[in-house]
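Survey of secondary and tertiary structure
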Amino acid sequence: MERPKDLSISPRIAIIIIILFHVVGLVGLSVPVTRALFLQIVPFHLLLMLGVVTFGHHKLNSSFGIFMLIVFWLGFMAEWVGVHKGWLFGSYAYDETLGVKLSGIPLMIGVNWFLLIYATGVTLQRSRLRNTFFRIIAGAILLVLLDVLIEPVAIRFNYWHWNTGNIPLKNYVCWFLVSAIMLYIFELFNFKKQSIAALVLLITEFVFFGLLNLVMAL
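Attention in this report is confined to the structure presented alongside it. (Residues numbered from 1 in each chain as written. Predicted model: local features only at pLDDT ≥ 70, side-chain atom pairs only at ≥ 80, totals over all residues. Heavy atoms only, no water.)

Helix and strand counts for the protein stand at eight helices and four strands. Listed by position from the N terminus, the elements making up the protein come as α-α-α-α-β-β-β-α-α-β-α-α. Compactness check: the protein gives a C-alpha radius of gyration of 17 Å against a globular reference of 17 Å for 218 residues, within 12% of the reference. Its C-alpha atoms give the protein principal-axis dimensions of roughly 45 × 40 × 35 Å. In the protein, which comprises 218 residues, the proportion classed as buried is 48%. (Helix = DSSP H or I, 4+ residues; strand = E, 2+ residues; numbered from the N terminus. Rg over C-alpha atoms; globule rule 2.2 N^0.38 Å. Buried < 20%, exposed > 50% of the residue type's maximum accessible area, 1.4 Å probe, protein only.)

Before going further, it helps to spend a moment on the layout of surface pockets. By volume, the largest pocket is sized at about 450 Å³. Val42, His45, Leu46, Tyr159 and Phe208 are, among the 26 residues lining the largest pocket, the residues nearest its centre. When contributions to the lining of the largest pocket are tallied by element, the ones reaching two or more residues are helix H1 (11-30), helix H3 (42-56), helix H5 (107-125) and helix H8 (197-217). With six residues, H3 is the largest single contributor of residues to the lining of the largest pocket. (1 Å grid on protein atoms, 1.4 Å probe; cavity = no way out; pocket = protein on both sides within 12 Å on 5 of 7 lines; lining within 4 Å. Points joined across faces, edges and corners; volume = space filled by probe spheres on them.)

Running from amino to carboxyl end, helix H6 (residues 132-156) crosses helix H7 (residues 169-189) at an angle of 135°, the nearest separation of the two axes being 8 Å. Between H6 and H7, the angle is such that the two are oblique. Seen from above, H6 lies across H7 with right-handed handedness. Facing H6, whose interface residues are Thr132, Arg135, Ile136, Ile137, Gly139, Ala140, Ile141, Leu143, Val144, Asp147, Val148 and Glu151, H7 presents Asn171, Tyr172, Trp175, Phe176, Ser179, Ala180, Leu183, Tyr184 and Glu187. Residue composition of the contact of H6 with H7, grouped by class: 13 nonpolar, four polar and four charged. (Axes fitted to C-alpha atoms, helices over the stretch in contact; angles between N-to-C directions. Parallel < 35°, antiparallel > 145°, perpendicular 65-115°, else oblique. Left-handed = near helix turned anticlockwise from the far one by under 90°. Contact = heavy atoms within 4.5 Å. Nonpolar A, V, L, I, M, F, W, Y, C, P; charged D, E, K, R; others polar.)

Attention now goes to empty space enclosed by the protein. If you walk through the whole model with that rule in mind, you get three cavities of 30 Å³ or more. In this model, the largest cavity occupies a volume close to 110 Å³. Of all the secondary structure elements, the ones that give two or more residues to the lining of the largest cavity are strand E1 (92-94), H5, H6, strand E4 (160-162) and H7. Residue composition of the lining of the largest cavity, by class: eight nonpolar, two polar and three charged. The calculated volume of the second largest cavity comes to roughly 70 Å³. For the lining of the second largest cavity, the secondary-structure elements that each account for two or more residues are H1, H3 and H8. The residue inventory of the lining of the second largest cavity, partitioned by class, reads eight nonpolar, two polar and no charged.

A separate point is a positive patch on the surface. A surface patch of positive charge is lined by Arg126, Arg128, Arg130 and Lys193. Positionally, Arg126 belongs in the loop between H5 and H6. (Patch = residues over 30% accessible without salt bridge, like charges linked within 9 Å, V, L, I, M, F, W, Y side chains within 5 Å. Areas by Shrake-Rupley, 256 points an atom, 1.4 Å probe, with all protein chains shown as cover. Salt bridge = Lys/Arg side-chain N within 4 Å of Asp/Glu carboxyl O. Lys, Arg positive; Asp, Glu negative; His and termini not counted. Charge placed at Lys NZ, Arg CZ, Asp CG, Glu CD.)

What follows concerns H1. Look at H1: 28 Å from first C-alpha to last across 20 residues, which is about the 28 Å you get at 1.5 Å a residue. Among all positions of H1, only Ala14, Ile15, Ile17, Ile18, His22, Gly25, Leu26, Gly28 and Leu29 are buried. Of the surrounding elements, those touching the buried residues of H1 are helix H2 (32-40), H3 and H8. (Expected span 1.5 Å × (residues − 1).)

Right, here's the structure in full:
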C-alpha cells in the first residue's frame, strides 16, 4: 500500500531540510557554549533525517519498509556482535550521545546504518556505473572514507570509544565488508531510481564531518 500523496516530501524540500539542519548542527557543535545542547539532540537529528528519507522515497511501500527493517537490524546486530563479542570492528563501547540503548547498543545506530546505506545506494544508483558489483565496491569504499571522517568526531563527542585508545585497522575492514553486504541487499530490492536528495545527504555528511574535524584541529 503506497503512502498518501499529501505525506510526500519533494526533492527540493528534502534537500533544504538536509542542508539547513546539518549547517545548524555544525555551528551548534562548533561553538563550545551550545555544544552540550546540540549533542543532546543528535538522536532527534537522526530521526529527522530518517523522516526526510522515508517520505522523500519514490513509491513508498511495504518493500521499502522491509528493506529499512532489514538494514536497521543488520546494522544493530553487527554492532552488537562488535561490542559484545569483539568479532567485528574491534574492542569498543558506546557512550551516551546516541541516546537510548538496547543491550548496550544505541537504537539510533541502526537508523544511522540505514541512512548511510540508503544514501550511498541511491547515489551509486544515479551514477554511470552500470555494473552491480562495481557499484557495491564503490559504495563500500565511500562509506569507509566517510567513517575515517566520522571516527575522530565520534570519539571527541562521546558517540563511542575504543577500549585500546586507538582505531584499529579491523574497524575499516569490517566497515567495508558490512557496508558491501548491505549495499548488495539494496541492489536486490531494485528500487526505482530515486531523487537527488539522497546524494545531497551523502555529500552533506562528508562536508559535515570533514568540517568538524577541521574545527577540532583548531
